[in-house]
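Structure assessment
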Amino acid sequence: MKKIITACTRDCPGACSVIAHVEKGRIVKLTGNRDHEFTAGFLCGSTKNYLKNYFYSSKRVLYPLKKINGEWVRISWNEALNIAANKLKDAKEKYGSTSILYYQGFGARTALRILNRRFFNAFGGVSTLYGTVCGGIGQAGQELDFGERISHDPMDHLNSKNIIIWGRNPAITDIHLWKIIKKARKNGARIIAIDPVKTETAERSDLYYQPSPGSDAFLAMGLSKILLQEHLIDYDFIDNHTENFEEYKKIIDGFSLDYIAGKCDISLKEIKELAKIYAQSPSSIILGWGVHRYLKGHQTFRMIDALAAVSGNIGISGGGVTQGFEEFAYFDNSLEGVELAEYTRKLPMPKIGEAILKSKDPEIKLIFISAGNPVAMSPNSRKVKKAFESVDYIIAVDHVLNDTTELADLFLPATTFLEDEDLLGSYGSNWVTPINPAVGPIGETRSEMWIFQQLAQKLGFGNKMKGTAKEWLLKLVEPLINQGITLEELQRSPVRVPSAPKTPFENRKFKTPSCKFEFIKEFEYDDNFDNEFPLRLLSIMPKRWILSGIPENEHNYGILEVQIHPDILKENKINDGEEALLESSVGSLVIKVIGNKRVRKDYVLTKNGGWLKYNKCVNVLTKDLISELGNGAPYNETFVRIKKLN
Ligand SMILES: Nc1nc2c(c(=O)[nH]1)N[C@H]1C(S)=C(S)[C@@H](COP(=O)(O)OP(=O)(O)OC[C@H]3O[C@@H](n4cnc5c(=O)[nH]c(N)nc54)[C@H](O)[C@@H]3O)O[C@H]1N2
Ligand SMILES: Nc1nc2c(c(=O)[nH]1)N[C@H]1C(S)=C(S)[C@@H](COP(=O)(O)OP(=O)(O)OC[C@H]3O[C@@H](n4cnc5c(=O)[nH]c(N)nc54)[C@H](O)[C@@H]3O)O[C@H]1N2
Ligand SMILES: [Mo]
């Protein structure tokens, strides 16, 4: 039995260090690697079942495929690469290179993926994406406050007296962080959840507040008002290390506590209780993605940062406002070779359907997509599908035929983290984790690096891409080598990046223009309540898989399930368990209603990740908007109504 250390590259803050157990050339088991302080030797159910459900699954595509008259036909790599190279060349010659869109999804974000972008730059530059359908919104807000978005080391939460988990569900979405939170609780910390949905995290917390969705900026203002009234604030920090306090105070003075309580639908008594608890510092706030998904989500982040600043929780161990980490921060991103591109254009990821359909001079003619499923996962699925169908040619690199890659004309099968040599950063910690091949490529799958190197060769710029994985990694990790870590060490075992702070801003220096913490000084809001569509649509992360990566045996039965408060069902004369029509301003979907008293009456709740093909895709309903700051996707700005089916 061989044991190979690799890392799960799926889209999750864990970025777990994994041990692949290999017997006679076959991987028989995946276990966690204890040699990683954060991911600590255990794996989620989905990774434990990765071998059966994905890696050795019959749905995994093992050979290059070409679509002929709507049917997939197996072809050789030589033919596939010739077609891909010719299609890229033709589009560039006929319409200009920016008629090609390179869509890089979030399926795998490893160091070597920087070379994907290098390929397209060296090719002459194409259309790529800006913005994101994941975070981004809060990051933009935090950059205004702190000058940069950096988070407390997960282990630092062990030093907190109180941990507020705000719009996040780590019991499901970040189980290693959850383990740390549970340990902190054992040591005496109080765990508080703020979420309109009574999640698994909320259920297991000491205190739970259930605000109306989208009202958190007000809640943060209310908490801050009480701290100011009660003088539970850090005058030294405010006086010496912040900017715009007066303007900020004026904003919060403009709202009465009663108004705020009404807006959040949380009693004043509860807000006061929470404020007093939070004031017992150090208190850390751990923010999730739920708070991002609003048009003005950046304001929520800024108001929460302000609350932490007022209370003196910035720059202290066990305090802070933690959200995420930069997974590419410790690699040399300049290797993507922006300088090699002659022409470039960027299209907004959150509105990709519309951007493709409206593209001009040149129109998008060819899409090259890797590791993404925007038809199922981006807002307004039907529009995204229409946009993909409108182009002349699609080349997809993935493991499976999903709602998006199924629309392709050419499918190039990629290897996984069990076959590749690479390195992985994380958006949940400051660790870099090795990816090593446990077995050779299954079937005729190939690494993305190999695919792009072959294409570069055929297109005449092979020299710009050539090199082994190790040679490229050596260049990519230069920022880490400069900190005294060798590539050999990085490939052998997970490493916590030494330069990453455990407690950010300990020296009270901020990368803002004033070098101080900058309070939010303007605040806008509107009541975007729409009588026609009275219920907000929340679509949270699925428990047993990652986003649209649904195991094959789960697909075929049932339709999308949506939880609705029983009173709303009664009003609409719909029975629990019945099928009904859910409609938004962009689409409609037949769903199965599940009555649930614990969901609030101002939203309906479902999970994201379902496929369009199986009528389970919530994004048929979501509006393709772009946030006011941070170019993010405000999924939660979609409102719906429920109708009885006749
Ligand atoms: N099992 C599993 N784990 C995953 C993923 C997965 O698909 N499956 N996906 C991964 C990815 S890509 C990401 S980005 C992370 C996301 O990780 P999380 O942020 O933990 O997950 P979400 O489900 O997006 O949302 C978190 C919570 O925000 C709440 N929320 C929504 N609106 C509001 C609001 O207005 N105020 C407040 N206070 N809360 C609100 C939702 O009810 C939800 O419970 O998870 C990662 N981990
Ligand atoms: N309604 C709603 N929609 C959402 C969200 C929400 O909360 N609500 N959340 C959003 C969030 S947080 C995110 S991050 C996005 C995700 O959006 P996407 O990244 O578009 O969606 P995924 O389902 O993660 O698709 C990833 C694809 O990458 C493939 N893949 C995995 N590993 C590899 C690899 O090594 N190489 C290659 N070539 N392919 C690989 C997988 O097979 C899968 O097809 O979805 C967003 N969509
Ligand atoms: Mo995400």
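Residues numbered from 1 in each chain as written. Chains lettered and ligands numbered in written order. Predicted model: local features only at pLDDT ≥ 70, side-chain atom pairs only at ≥ 80, totals over all residues. Heavy atoms only, no water.

Each helix and strand counted, the chain has 22 helices and 27 strands in total. Computed over its C-alpha atoms, the radius of gyration of the chain comes to 25 Å, within 12% of the 26 Å expected for a compact globule of 646 residues. With respect to the principal axes defined by its C-alpha atoms, the chain has extents near 70 × 70 × 50 Å. Put simply, the chain has 646 residues, and 60% of those count as buried. Considering only contacts in the chain between residues 6 or more positions apart, those separated by 24 or more positions represent 77%. As presented, the chain carries roughly 25,400 Å² of accessible surface, and 48% of it is formed by carbon and sulfur atoms. For the chain, the distance from the average position of its 84 positive side-chain charges to the average position of its 78 negative side-chain charges is 5 Å. (Helix = DSSP H or I, 4+ residues; strand = E, 2+ residues; numbered from the N terminus. Rg over C-alpha atoms; globule rule 2.2 N^0.38 Å. Buried < 20%, exposed > 50% of the residue type's maximum accessible area, 1.4 Å probe, protein only. Contact = heavy atoms within 4.5 Å. Areas by Shrake-Rupley, 256 points an atom, 1.4 Å probe, with all protein chains shown as cover. Lys, Arg positive; Asp, Glu negative; His and termini not counted. Charge placed at Lys NZ, Arg CZ, Asp CG, Glu CD.)

Close contacts around ligand 2 come from 29 residues, with M377, D398, N402, E448 and S548 the closest. Contacts to ligand 2 include F106, whose backbone N or O atom sits 3.0 Å from an oxygen atom. N402 has a polar side-chain atom sitting 2.7 Å from an oxygen atom of ligand 2. Elements with a minimum of two residues in the shell around ligand 2: α16 (374-377) and β16 (393-398). A per-class count over the shell around ligand 2 returns 14 nonpolar, 10 polar and 5 charged. Taken domain by domain, the shell around ligand 2 gets at least three of its residues from each of domain 2 (65-133 + 339-496) and domain 4 (535-644). (Near = heavy atom within 4 Å. Polar contact = N/O pair within 3.5 Å; in protein donor to acceptor, adjacent residues only side chain to side chain. Nonpolar A, V, L, I, M, F, W, Y, C, P; charged D, E, K, R; others polar. Domains from an automatic or database assignment.)

For the chain, the assigned domains read domain 1 (2-55), domain 2 (65-133 + 339-496), domain 3 (152-323) and domain 4 (535-644). For domain 1 versus domain 3, the distance between C-alpha centres works out to 34 Å. Counting from both sides, the interface comprises 10 residues of domain 1 and, opposite them, 10 residues of domain 3. Taken together, both faces of the contact between domain 1 and domain 3 bury some 820 Å²; the carbon and sulfur share is 76%. Looking only at domain 1, the three residues that lose the most surface to domain 3 are P13, F38 and F42, adding up to 65% of its buried area. (Buried area = accessible area lost by both parts, 1.4 Å probe.)

Another point: the pairing of strand β6 (residues 100-104). Most of β6 sits inside the fold, with 5 of its 5 residues counted as buried. Alternating positions in β6 separate into two faces, I100, Y102 and Q104 on one and L101 and Y103 on the other, with burial throughout. Pairing between β6 and strand β15 (residues 366-370): 5 bridges, direction parallel. Bridging across to β15, Q104 finds its partner in S370. (Pairing = 2+ DSSP bridges.)

Here the focus is the site of ligand 1. For ligand 1, the set of nearby residues contains 31 residues, the closest of which are T173, D195, G214, D216 and W289. Between ligand 1 and P542 there is a distance of 2.8 Å, counted from a nitrogen atom to a backbone nitrogen or oxygen. Measuring from a nitrogen atom of ligand 1, one finds a side-chain N or O atom of N636 at 3.2 Å. Compared with its free state, where it exposes 910 Å², ligand 1 has 98% of that area covered by protein. Taken together, domain 3 (152-323) and domain 4 (535-644) each give at least three residues to the shell around ligand 1, which thus spans both.

On the surface, a cluster of positive charge is contributed by R34, K179, K182, K183, K186, R204, K543 and K607. At 4 residues, helix α7 (residues 175-186) tops the list of elements feeding residues into the positive patch. The partly exposed category is assigned to K607, whose relative accessible area is 35%. (Patch = residues over 30% accessible without salt bridge, like charges linked within 9 Å, V, L, I, M, F, W, Y side chains within 5 Å. Salt bridge = Lys/Arg side-chain N within 4 Å of Asp/Glu carboxyl O.)

An α-helical turn contains 3.6 residues, so any two residues separated by three or four positions project in the same direction. Summarising burial for helix α5 (residues 137-146): 8 of the 10 residues are buried, a large majority. For α5, the set of buried residues is I137, G138, Q139, A140, G141, Q142, D145 and F146. On its buried face, α5 is in contact with α14 (297-310), β13 (321-322) and β21 (517-518). Of the residues trailing α5, G147 is marked for its positive phi of about 90 degrees.

Turning to the nonpolar core, a few remarks are in order. Judged by nonpolar contacts, the single largest core of 54 residues is most densely connected at F119 and F368. Counting residues per element, this core draws most heavily on helix α3 (residues 77-95), at 8 residues. Residues in contact with F119, not counting those within four places in the same chain, are L88, F452, L455, A456, L459, F461 and M465. Grouped together as the second largest cluster of nonpolar side chains are 53 residues, Y209, I252, I271 and F517 included. (Core = buried A, V, L, I, M, F, W, Y, C linked by side-chain atoms within 4.5 Å.)

Right, let's get into the sheet that holds strand β9 (residues 190-194). Taking strand neighbours across the sheet as the criterion, the 5 strands line up as β10-β9-β8-β12-β13 in an open arrangement whose pairing is parallel. Each edge of the open sheet carries a strand with a single partner, namely β10 (207-209) and β13. Pairing between β9 and β10: 3 bridges, direction parallel. From the neighbouring strand, A193 faces β10, where its bridge partner is Y208. Packed on one face of the sheet, helix α9 (residues 216-229) meets β8 (162-166) and β9 and runs near 155 degrees to β8. (Axes fitted to C-alpha atoms, helices over the stretch in contact; angles between N-to-C directions.)

On to the packing of α9 against helix α12 (residues 257-264), then. α12 packs onto α9 with a crossing angle of 150 degrees between their chain directions and a minimal axis gap of 9 Å. In terms of their interaxial angle, α9 and α12 are classed as roughly antiparallel. In this structure, α9 meets α12 at a crossing whose hand is left-handed. In contact with F218, L219, M221, G222, K225, I226 and Q229 of α9, α12 contributes L257, Y259, I260, K263 and C264. Counted by class, the contact of α9 with α12 contains 8 nonpolar, 2 polar and 2 charged residues. (Parallel < 35°, antiparallel > 145°, perpendicular 65-115°, else oblique. Left-handed = near helix turned anticlockwise from the far one by under 90°.)

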